[in-house]
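Given next are the chains, with one letter for each unit.
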Amino acid sequence: MTPSTRATTSRPANCSAVVGLQWGDEGKGKAVDLLAARHDAVVRYNGGANAGHSVVVGGTRYALHLIPSGILYPGKRAIIGNGVVVDPWKLIEELDGLASRGVDTRGLMISDRAHVVLPYHKLEDGLREDLLKGGAAKAHAEGVAGISEIGTTRRGIGPAYADKVQRASGVRMGDLLRPGVLAEKLELAMAIKRPLLRELAGKQPDIDLPRLREACAQVGTRLGPMITDTTYLLHDMLGEGRPILFEGANGTLLDVDHGTYPYVTASNCGSAGIPSGTGVPMANVLRILGVMKAYSTRVGTGPLPTELKDATGDRIRERGREFGTTTGRPRRVGWLDLVAVRYSSMINGVTGLAITLLDVLAGFDELRICTAYKVNGSVTDRFPPDAIDLAAVEPVWTTLPGFGEEIGRCRRRQDLPDGARRYVEFVEERVGVPADIISVGPDREQTMVRGESE
Ligand code: IMP
């Protein structure tokens, strides 16, 4: 028996997960930052460079896209699991950026099974979006409902996951170290992609196969020492009883199965992505922290039932600095949608909430929360299965009193003004899950942790 096999069957470890309960950008980075100290590794299990986690450590802000935020803690492992799609060029850029700021990146390990995002995936992502944009405009002009562009990050995420599922031509990180296999797969990919891309672009795609092979070999050489079988690595850690933290990217409502399809990303963003995206059984994950903003935001297209297209929305956007970490796009903003959050909490099996950006809501006389949807004259508290249905709902509002004073200096729940405390209690009651963390500002200190601060 190898040590790894023996380790797998011993003590179950005390693992945690951080997942987003809305459309991404919930402030998961800060939640991970708070929990990382108690874990030996931070593991990404889904998504790719579409994600953007901002973490403030020691007064310095880091924006990470692919690398798990565990990298910022000396002695911790940062692991990119098999469920992630890795753009190796972006990853190297991120590694170099961290190294230039004095961060030791030797703790990073990348699954040999993780799929590679290649330049032709990004090309395809952009061309598909352009096609959808054109199609939607035409459909609109003709008075029919069209599927509009997804508003992707154009980082090649969807096409890379699609190739993984198509098999044969899907390039995995381990293939970067096997020149023969890599060459064969790229050849095959080109045979499939060239006609598709030519048709979409209306011209010959600009892909030079020998150059691409060479570029892949180069990144393989650079990343090679980090590419490993992370499934056994994780199970070895579990066997030693070492706690692991799983870091979800994007948000549950962008989940390809459970989100507002088709305006979603291409992976399982919720806790269900952990076993498939890392090889670690869910039984090891004892705590699932669901991170939610005190209001709603969304980037890209797709319905946002509580959307505010007025001065209130502008005010929340400015106060919350709601501009994308990855693309810089202004985020769409709305009041809190508790139908959506209750649904996400249910899907993820959330054991505690982290309510973030509560401070952004200071200064409003009243705060509105969507507690049900009206659909075809009847009221429901259930989240619909896709974007077409969600676009047809009308929010049913509950109005709570606001709070005038700034709360960025509050450190205990009882220090919060009545309006803010009531708001949190209302969320807890409706979702049926306690708020383990309340965040009132970007800094680590601007946080209330249940059991520690009251
Ligand atoms: P993709 O993941 O680039 O394919 O984009 C699909 C949809 O998910 C688009 O609406 C993106 O704006 C959105 N999206 C992807 N990742 C994130 C994220 O980390 N935060 C917010 N939105 C995201």
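Residues numbered from 1 in each chain as written. Predicted model: local features only at pLDDT ≥ 70, side-chain atom pairs only at ≥ 80, totals over all residues. Heavy atoms only, no water.

Right, let's talk about the overall build of the chain for a bit. Counting secondary structure elements, the chain contains 13 helices and 20 strands. Across the 454 residues that make up the chain, the buried fraction comes to 56%. For the chain, the share of sequence-separated contacts (at least 6 apart) that also reach a separation of at least 24 residues comes to 77%. Of the accessible surface of the chain, which amounts to about 19,100 Å², a share of 51% is contributed by carbon and sulfur atoms. The averaged location of the 55 negative side-chain charges in the chain is 2 Å from the averaged location of its 56 positive side-chain charges. (Helix = DSSP H or I, 4+ residues; strand = E, 2+ residues; numbered from the N terminus. Buried < 20%, exposed > 50% of the residue type's maximum accessible area, 1.4 Å probe, protein only. Contact = heavy atoms within 4.5 Å. Areas by Shrake-Rupley, 256 points an atom, 1.4 Å probe, with all protein chains shown as cover. Lys, Arg positive; Asp, Glu negative; His and termini not counted. Charge placed at Lys NZ, Arg CZ, Asp CG, Glu CD.)

Another point: the domain arrangement of the chain. Its domain assignment divides the chain into domain 1 (3-112 + 229-449) and domain 2 (115-227). Each of domain 1 and domain 2 has a C-alpha centre, and these two points are 27 Å apart. Tallying the contact residues gives 34 residues for domain 1 and 31 residues for domain 2. Buried surface at the junction of domain 1 and domain 2, both sides included, amounts to about 2,700 Å², of which 63% is carbon and sulfur. Put simply, domain 1 and domain 2 have 2 salt bridges between them. The partner of aspartate 96 in a salt bridge is arginine 222, with the nearest N and O atoms 2.9 Å apart. Applying the counting criterion to the domain 1 and domain 2 interface returns 13 residue pairs in polar contact (both at pLDDT 80 or more). Going through the elements one at a time, β6 (85-86), α3 (88-100) and β7 (108-111) are the ones with two or more residues in the side of domain 1 that touches domain 2. Looking at the side of domain 1 that touches domain 2 element by element, the count peaks at 7 residues for α3. A per-class count over the side of domain 1 that touches domain 2 returns 16 nonpolar, 13 polar and 5 charged. (Domains from an automatic or database assignment. Buried area = accessible area lost by both parts, 1.4 Å probe. Salt bridge = Lys/Arg side-chain N within 4 Å of Asp/Glu carboxyl O. Polar contact = N/O pair within 3.5 Å; in protein donor to acceptor, adjacent residues only side chain to side chain. Nonpolar A, V, L, I, M, F, W, Y, C, P; charged D, E, K, R; others polar.)

All right, on to the pairing of strand β2 (residues 41-44) then. On β2, burial covers both faces: Ala41 and Val43 on one face and Val42 and Arg44 on the other are all buried. Sheet topology note: the β2/strand β5 (residues 77-80) ladder contains 4 bridges and is parallel. Looking at the pairing, arginine 44 lines up with isoleucine 80 of β5. As judged from the 4 bridges shared by β2 and strand β10 (residues 244-247), these two strands associate in the parallel manner. In the strand pairing of β10, alanine 41 is matched with isoleucine 244. (Pairing = 2+ DSSP bridges.)

Following the sequence through the fold, threonine 105 ends up in the loop between α3 and β7. Judged by its relative accessible area of 16%, threonine 105 falls in the buried class. Not counting chain neighbours up to four residues away, the residues in contact with threonine 105 comprise Ile71, Leu95 and Leu98.

For the structure shown, the criterion picks out 30 salt bridges. In this structure, glutamate 93 engages lysine 90 in a salt bridge whose closest nitrogen and oxygen atoms are separated by 3.7 Å. Of this pair, glutamate 93 and lysine 90 are both found in helix α3, 3 residues apart, which corresponds to roughly one turn of the helix. When its relative accessible area of 22% is taken as the criterion, lysine 90 is described as partly exposed. Taking the shortest distance from any N to any O, the salt bridge between aspartate 163 and lysine 193 comes out at 3.1 Å. Within this pair, whereas aspartate 163 is found in helix α5 (residues 157-166), its partner lysine 193 is found in helix α6 (residues 179-201), the two being separated by 30 residues in sequence. Here lysine 193 falls in the buried class, since its relative accessible area comes to 5%. A cluster of three or more residues bridged by salt bridges with shared partners is formed by Asp25, Lys293, Glu322 and Arg331.

Here we have 10 strands laid out as an open sheet, ordered β9-β7-β5-β2-β10-β1-β11-β15-β19-β20, and mixed in their pairing. Only two strands of the sheet have a single partner each, and these edge strands are β9 (227-228) and β20 (447-449). Of the pairings in the sheet, the one linking β5 to β7 comprises 3 bridges and is parallel in character. Residue isoleucine 79 lies in a different strand from β7, and its bridge partner there is methionine 109. Contacting β11 (285-293), β15 (352-356) and β19 (435-439), helix α13 (residues 418-431) runs over the sheet at an angle of about 145° to β15. (Axes fitted to C-alpha atoms, helices over the stretch in contact; angles between N-to-C directions.)

What follows is about the packing of helix α11 (residues 338-348) against α13. Closest axis-to-axis distance for the α11/α13 pair is 9 Å, and the angle between their directions is 55°. Between α11 and α13, the crossing angle belongs to the class labelled oblique. The handedness of the crossing between α11 and α13 is right-handed. On α13, the residues that touch Leu338, Val341, Arg342 and Ser345 of α11 are Phe426, Val427, Arg430 and Val431. (Parallel < 35°, antiparallel > 145°, perpendicular 65-115°, else oblique. Left-handed = near helix turned anticlockwise from the far one by under 90°.)

Here we come to the packing of aromatic side chains. This model, assessed by the stated rule, comprises 3 aromatic pairs. On the numbers, 5.7 Å between centres and 70° between planes, the contact of tryptophan 335 with phenylalanine 364 is edge-to-face. Separated by 29 residues along the polypeptide, tryptophan 335 in the loop between β13 (332-334) and β14 (336-337) and phenylalanine 364 in the loop between β15 and β16 (366-375) bring together distant segments of the chain. Tryptophan 335 gets classed as buried once you look at its relative accessible area, which sits at 6%. Look at phenylalanine 364 and you get buried, because its relative accessible area is 10%. (Phe/Tyr/Trp six-rings, centres within 6.5 Å; stacked < 30°, edge-to-face > 60°.)

This next bit is on the nonpolar core. With 56 residues, the main nonpolar core has Phe246, Ile316, Leu353, Leu358, Leu361 and Tyr423 as its most contacted residues. It is α13 that contributes the most residues to this core, 6 residues altogether. If we ignore the near neighbours within four places in the chain, the residues touching tyrosine 423 are Ala294, Leu336, Leu358, Leu361, Leu367, Ile369 and Leu400. Within the second largest apolar cluster, 53 residues are counted, among which are Ala36, Val55, Val86 and Leu197. (Core = buried A, V, L, I, M, F, W, Y, C linked by side-chain atoms within 4.5 Å.)

Surrounding the ligand, one finds 16 residues, the nearest of these being Asp25, Asn50, Thr153, Asn250 and Thr265. Here a nitrogen atom of the ligand sits 3.1 Å away from a polar atom, N or O, in the side chain of aspartate 25. In isolation the ligand has 470 Å² of accessible area, and contact with the protein removes 96% of it. The class makeup of the residues in the shell around the ligand is 6 nonpolar, 8 polar and 2 charged. When residues of the shell around the ligand are assigned to domains, at least three map to each of domain 1 (3-112 + 229-449) and domain 2 (115-227). (Near = heavy atom within 4 Å.)

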